[in-house]
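# A closer look at the structure
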Amino acid sequence: MIKRGKEVVIFLIVLSIAIIPLASAGFFDDIYKKITGKATSDTTALNITIGNSAPTITYVQIITSKNPTDDSTTTITFNFTVTDTDGAGNIDTTSGKAYFQKAGETTRSDLSCSNYDGVGDNMNFSCTIDMWYFDENGDWTINTTAKDINEASAENSSQTFTYNLLPGMKMAPTSLDWDSVGLTDTDTGSNNDPVIINNTGNDNALTIDVTSYDLEGEDTKTDYIFAENFTIGITSQGCSGTAMVNETATEVGSAILNRGNHSINDGSTGQEEIFSCLKGVPQDISAQSYSSAAFGPWTIEIVS
Amino acid sequence: MSKIKKTGILFSALIGVILFSSSIMAFGIALPYWDSPDWRPLKLAPGESKIVELTLQNTGEEDMVVEASITGGSIAKLSDSKNEYSVPSGEINEKVRIKVEIPKDAKIGERYKVYSSFHEVSLEEGGMIKMTGAFTVNFPVEVVGEEESDLFKPSEKKSVLPWIILGVLLIGLIAIAIVKNKKKIKKK
């Protein structure tokens, strides 16, 4: 009886050893599926992990302080280094990007920095970014990114550079003229204003002063039209504007030159227009030409 | 008759229109210090001085001559031997040097502003009213301690290490000399 019991135990052990591999290999499932007509294949999720080290940006070239360029762009070129312990060959050569960022400002960027040949684990990228004349002065963050061929990315925004202040202006026309004016005429606007003043730098909220001088008769030198006979303002024809004072810098009331892209040409974004008006002429002057030639040009001064 | 004559007074402005109405003047001055939108002053300690470079730019169509002057700030003066600067069309790097000197008795925390004016010197004549452009710009100066000064260089910090090494070397040489001397005495 005991002998039989041993045989049963041994049989069960042998059976288990034989069945477990078959069961785990899906043998019985296959037989079942064959009998039931169900498919013999099935989908399965494969999770294969291949070792990859993410790249890092180990060096960003220091950018010294930069001046904006009046009415134009300042081109800034700099390098950064991407390091990948899987070797430089693992770095995506087209992935180098750089951004200059400042809160409240449009981000300037190079989305296709050019790469140099990799050396060891390192690859250098060269980026070129244009900063506009109206970009705000102050510290700008240099943000650089790159990827490896496995899409693992690297980012570095540890550096900043200083973008300097540039009060700048462009003005046209640079002379004012009037059609013929009679002794009894009043409130006569210039025939070639407004003078358009563009802010060609990044200074903000600039005021505008005008220093004016009496006009002397070109034939009879003792006749004058006085600076006080003129007003300058920001609305056509300028006749309700600020009265000028001879040889004195006089702020044009309400005139302000803000920072912005003046190419928008809307009369306010990075732009101011001023109009000039001859309120009247002294009643005892003679008919002749009067000009600023004797006492000098009027000065339109931007006050930062 | 007299009335007609008077009302017939004319300005002959046409010549000016033809000569100058298309003219465009454009220039700017770059500064390394400012007070807006953030506070970025030149920082100097009492008794220190520094030459600050402003940069004239002319992006207009015509060459320019610009006259510079310090209009405010007792601590500053033009450092160049001239006060008129020729700035050709397209030039964006004409330097104007301003020397800023902090009095020795200035107190830390004191603030100054240096004002300077830049006037276009008009070379043209004619027109009824000729106009030129000008700027008044300013930059802030703050009196700080030596270590906060823009002139401070950490590498120039007085180090005692060279003196320690020198001292050790001297002691070593003296020790060698004494030992040699003792040996000589023993031999005798």
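Since this is a predicted model, take the numbers as computed values, not measurements. (Residues numbered from 1 in each chain as written. Chains lettered and ligands numbered in written order. Predicted model: local features only at pLDDT ≥ 70, side-chain atom pairs only at ≥ 80, totals over all residues.)

### Concerning the overall build of chain B
Counting its secondary structure elements, chain B contains three helices and nine strands. Its helices and strands taken in sequence order, chain B reads α-α-β-β-β-β-β-β-β-β-β-α from the N to the C terminus. Looking at chain B residue by residue over its 188 residues, the buried ones come to 31%. Pairs at least 24 residues apart make up 74% of the contacts formed inside chain B by residues separated by at least 6 positions. (Helix = DSSP H or I, 4+ residues; strand = E, 2+ residues; numbered from the N terminus. Buried ≥ 20, exposed ≤ 12 C-beta atoms within 10 Å, placed from the backbone. Contact = placed C-beta atoms within 7 Å.)

### Thoughts on the overall build of chain A
A count of helices and strands for chain A gives two helices and 21 strands. Classification of the 304 residues of chain A by burial places 37% in the buried group. Expressed as a percentage of contacts within chain A between residues at least 6 apart in sequence, the contacts between residues at least 24 apart total 69%.

### Let's talk about the pairing of strand β9 (residues 168–172) of chain A
Counting buried residues along β9(A), five of its five residues qualify, which places the element largely inside the surrounding structure. Of the two faces of β9(A), the one holding Gly168(A), Lys170(A) and Ala172(A) and the one holding Met169(A) and Met171(A) are both buried throughout. For β9(A) and strand β1 (residues 25–30) of chain B, the ladder comprises four bridges, and the chain directions are antiparallel. Each bridged residue has a counterpart across the sheet, and for Met169(A) the counterpart in β1(B) is Phe27(B). For β9(A) and strand β12 (residues 195–199) of chain A, the ladder comprises four bridges, and the chain directions are antiparallel. If you follow Lys170(A) over to β12(A), its bridge partner there is Asn198(A). (Pairing = 2+ DSSP bridges.)

### Some points on the interface of chain B and chain A
Counting residues at the interface gives 46 residues for chain B and 52 residues for chain A. Top element by residues in the side of chain B that touches chain A is strand β9 (residues 129–143) of chain B. It accounts for ten residues. Tallied by class, residues from the side of chain B that touches chain A come to 23 nonpolar, 19 polar and four charged. Bridging between strand β21 (residues 298–303) of chain A and β9(B) involves six bridges; their strand directions are parallel. Within β9(B), the residue paired with Glu301(A) across the bridge is Ala134(B). (Nonpolar A, V, L, I, M, F, W, Y, C, P; charged D, E, K, R; others polar.)

### Let's talk about the pairing of β9(B)
Of all 15 residues in β9(B), 14 are buried; the element is thus mostly enclosed. Both strand β10 (residues 175–176) of chain A and β9(B) contribute to a ladder of two bridges, which runs antiparallel. Its bridge partner being in β9(B), Ser175(A) is matched across the sheet by Lys130(B). Bridge analysis of strand β2 (residues 42–44) of chain B against β9(B) gives three bridges, and the strand direction is parallel. Looking at the pairing, Lys43(B) lines up with Glu142(B) of β9(B). With nine bridges connecting them, strand β8 (residues 111–120) of chain B and β9(B) associate as antiparallel partners. Opposite Tyr115(B), over in β9(B), you have Asn138(B) as the bridge partner.

### Description of the sheet that holds strand β20 (residues 290–291) of chain A
Residues and elements named next belong to chain A. The antiparallel open sheet is built from three strands, whose spatial order is β15-β14-β20. Each edge of the open sheet is held by one strand with a lone partner, namely β15 (224–225) and β20. Note that strand β14 (residues 215–217) and β20 share two bridges and pair antiparallel. Paired with Glu216 across the bridge in β20 is Ser291.

### So, the sheet that holds strand β7 (residues 138–147) of chain A
Residues and elements named next belong to chain A. If you walk across this open sheet you meet the four strands as β4-β3-β7-β8, and the pairing is antiparallel. A strand with exactly one partner marks an edge of an open sheet, and here the two such strands are β4 (108–110) and β8 (153–163). Between one strand axis and the next, the sheet turns through 15° on average, direction left out of account. Where strand β3 (residues 97–101) lies against β4, three bridges are found, and the strand directions are antiparallel. Of the residues in β4, the one forming a bridge with Ala98 is Asp110. (Axes fitted to C-alpha atoms, helices over the stretch in contact; angles between N-to-C directions.)

### Examining the nonpolar core
Generally speaking, nonpolar side chains in soluble globular proteins are found buried as a group. Formed by 70 residues in total, the largest nonpolar core has its most connected members in Ile197(A), Ile208(A), Ile274(A), Ile29(B), Leu31(B) and Val100(B). Considering every element that reaches this core, the biggest residue donor is β9(B), with eight residues. Core analysis: the next-biggest nonpolar cluster, separate from the first, contains 20 residues, Ile76(A), Ala88(A), Cys127(A) and Ile129(A) among them. (Core = buried A, V, L, I, M, F, W, Y, C linked by C-beta atoms within 7 Å.)

### Regarding unusual backbone geometry
Residue and element names in this part refer to chain A. The residue after Asp193, namely Pro194, is reached through a cis peptide bond having omega 10°. Mapped onto the elements of the fold, Pro194 is located in the loop between β11 (188–189) and β12. Its identity is not glycine, yet Asp187 carries a phi of approximately 50°, on the positive side. Position of Asp187 among the secondary structure elements: in the loop between β10 and β11. The phi dihedral of Glu247 is positive, around 60°, even though this residue is not glycine. Here Glu247 is to be found in the loop between β17 (242–243) and β18 (249–257).

### Details of the environment of Ser117(B)
Residue and element names in this part refer to chain B. When you line up the elements, Ser117 lands in strand β8. Along the backbone, Ser117 and Asn138 are 21 residues apart, and their C-alpha atoms lie at a distance of 8.7 Å. If near-sequence neighbours (up to four positions away) are discounted, Ser117 is found in contact with Ser69, Thr71, Ala134, Phe135 and Thr136.

### What to know about the environment of Trp132(A)
Structurally, the position occupied by Trp132(A) is in strand β6 (residues 122–132). Along the sequence, Trp132(A) and Asn199(A) sit 67 residues apart, while their C-alpha atoms lie 12 Å from each other.

### Side note on the confidence of the model for chain B
Averaged over chain B, the pLDDT score is 85; the fraction of residues at 70 or greater is 82%. Note that residues 1–22 of chain B has pLDDT below 50 and, in this model, 41 contacts with residues that lie over four places away or in other chains. (pLDDT = per-residue confidence, 0-100.)

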